[in-house]
Every structure is written in C-alpha cells, then in structure tokens.
Amino acid sequence: MTDVSHDLDPAVFRSALSSFPSGVTIVTTRGEDGTLHGFTASSFASLSLDPPLVLVCLDRGATCFPVFLAAERFVVNVVTPSHAELATRFATKGENKFAYGTFEFDEQGHPLLPDAAAVLRCELEQAVPGGDHVILIGRVREARTGEGKPVMWYRGDFRHLGERAA
Ligand SMILES: Cc1cc2nc3c(=O)[nH]c(=O)nc-3n(C[C@H](O)[C@H](O)[C@H](O)COP(=O)(O)O)c2cc1C
C-alpha cells in the first residue's frame, strides 16, 4: 500500500478517496429570482436522527455555490442507474441542467425527481466551512423513498449495487 502519511500527494489522496464507494445525489434548489440550480454530489451523508439532519459538501468554486448558501431550502435526490446520464449533466459546469430529466416541483417550487430512490426535502439549517468546501446541513422536512435501487459511484464510474456480502 502506498504511504501518504508524511508527504501527501494530491493524486494519491484523490485515488484513496475514490476507493471509498458512495451513493450519488442530485441536490437542487430554486434561487430567489426563481432560477433552478443543482449539482451532483457524492458527499451526502446522514448526520442526526433527532433532529433529522443530513449534510452535503459543496465546492466553494461551484457556480451554484452562492445560490445554495442563500437558499432557505434544498432537495436531495438519491439517484438510480437510470439517472447516471442526468447526474453527469448535473456535474457539468455551464450545462442547461434542467432541460433534461423529468423533474416535478414541490409547493415551494423546488425541483425533485419523482423516480429517485429517495427524496429528502430540507431546510438549510447551517453552512459550516470545511476547507475549499462548505458543509450544507439540512433539516429534513419531508422524506420519501421510491422503488428504484440507488446507483453507486466508485473509482470514477457509476455502478450497480452488488449482491449482499453476508
Ligand atoms: C459522482 C460525482 C460526485 C460529485 N460530488 C460532489 C460533491 O459532493 N460536492 C461538490 O461540490 N461537487 C461534487 N461533484 C462535482 C459537481 O457536481 C460539479 O462540479 C458541478 O458542476 C458543480 O456545480 P456548478 O455547475 O454549479 O459549478 C461531483 C461530481 C460527480 C460526477
């Protein structure tokens, strides 16, 4: 195994991070001016059961960064293999992201994917600095689950969930 403990090589660091498989989410919101924004995120995690909190880390360099920081609400869509192309578009700067996919809108006009594996509608509780990212902490106001299995992200590829290990 490569030792990165003393002199951290950014490429090895990235490679180590990509060895950790994760789910994939498309996080969406609506700006004050009514424009729709979103980004693909694998940094989503559960944070607290009581109160119900989740988190997602957003790059300070993202175009949508100021909109999410100012947002009162956001939606986490846990995506399935059928959303892989959409997730790639939501990971592409300058893309007309909402021209694709079949979004529906909640009462506040925030976009959500009705065929997602899960949808979490959140209020932005806190934005905590974390290096070149900010941790968006959301208080979950509504959660729903769908039929589809979530897609996995591992070593730079979308993958299907495997068999039970035990
Ligand atoms: C599978 C995957 C996971 C990603 N996870 C994150 C993430 O957790 N946080 C983040 O800020 N960007 C993440 N990105 C990159 C953003 O989706 C991408 O930079 C996006 O275009 C940023 O939004 P912008 O178009 O408004 O700049 C991820 C990209 C991919 C393909």
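Residues numbered from 1 in each chain as written. Predicted model: local features only at pLDDT ≥ 70, side-chain atom pairs only at ≥ 80, totals over all residues. Heavy atoms only, no water.

In the annotation of an unreviewed UniProt entry, the entry for the chain reads Flavin reductase family protein, and the organism field reads Amycolatopsis silviterrae.

1. A few points about the overall build of the chain
Just so we agree on the cut-off: A run of H or I in DSSP becomes a helix once it reaches four residues, and a run of E becomes a strand once it reaches two; helices and strands are each numbered from the N terminus. Radius of gyration means the value over C-alpha atoms here, while the globule rule gives 2.2 Å times the residue count to the 0.38 power. A simple rule labels every residue: compare its accessible area, found with a 1.4 Å probe on the protein chains alone, to the largest value its type can have, and call it buried under 20%, exposed over 50%, or partly exposed in between. Contact definition: two residues touch when any of their heavy atoms are within 4.5 Å. Only the protein chains shown count as covering a residue, and every accessible area follows the Shrake-Rupley method with a 1.4 Å probe. Within this scheme the basic residues Lys and Arg register as positive and the acidic residues Asp and Glu register as negative, but His and the chain ends are omitted. The location of each charge is read from NZ of Lys, CZ of Arg, CG of Asp or CD of Glu.
A count of helices and strands for the chain gives 3 helices and 12 strands. Taking 2.2 N^0.38 as the reference for a compact globule, 166 residues should give roughly 15 Å; the C-alpha atoms of the chain span a radius of gyration of 16 Å, in line with that estimate. Considered along the principal axes of its C-alpha atoms, the chain spans approximately 50 × 35 × 35 Å. Burial analysis of the chain (166 residues in total) assigns 35% to the buried set. Considering only residue pairs separated by 6 or more positions, the chain has 63% of its internal contacts joining residues 24 or more positions apart. Looking at the chain as shown, the accessible area adds up to about 10,000 Å², and 54% of this sits on carbon and sulfur atoms. For the chain, the distance from the average site of its 15 positive side-chain charges to the average site of its 21 negative ones is 2 Å.

2. So, the pairing of strand 9 (residues 118-130)
Rules: Two strands form a pair only when DSSP identifies at least two bridges running between them.
Pairing of strand 6 (residues 73-78) with strand 9 involves 6 bridges; the strand directions are antiparallel. Opposite Phe74, over in strand 9, you have Cys122 as the bridge partner. Both strand 9 and strand 10 (residues 133-145) contribute to a ladder of 12 bridges, which runs antiparallel. Paired with Ala118 across the bridge in strand 10 is Thr145. Once strand 9 ends, the chain turns through 2 residues before running back antiparallel as strand 10, passing Gly131 with a positive phi of about 60 degrees.

3. Some points on the UniProt feature "domain: Flavin reductase like" (unreviewed entry) in the chain
This is how it is decided: UniProt positions are given in the numbering used here, feature names are shortened, and annotations may be inferred rather than shown by experiment.
The UniProt record marks residues 17-160 with the feature "domain: Flavin reductase like" (unreviewed entry), using the residue numbering of this structure. Secondary structure within residues 17-160 divides into 10% helix and 47% strand; the distance between the first and last C-alpha atoms comes to 19 Å.

4. Thoughts on the nonpolar core
To keep it simple, the criterion reads: As used in this record, nonpolar core signifies buried Ala, Val, Leu, Ile, Met, Phe, Trp, Tyr and Cys residues forming a set joined through side-chain atoms within 4.5 Å.
If you look at the biggest cluster of nonpolar residues, it comprises 18 residues, and the most contacted ones within it are Phe39, Leu58, Phe68, Phe74 and Leu136. Where this core is concerned, the elements lending two or more residues are strand 3 (36-41), strand 5 (53-59), helix 2 (65-70), strand 6, strand 9 and strand 10. In this structure, Phe74 is in contact with Val27, Thr28, Thr29, Val56, Phe68, Leu120, Arg121, Cys122, Leu124, Leu136, Ile137 and Gly138, ignoring residues within four places of it in sequence. Membership of the second largest hydrophobic core comes to 13 residues, among which are Leu86, Leu113, Ala116 and Val119.

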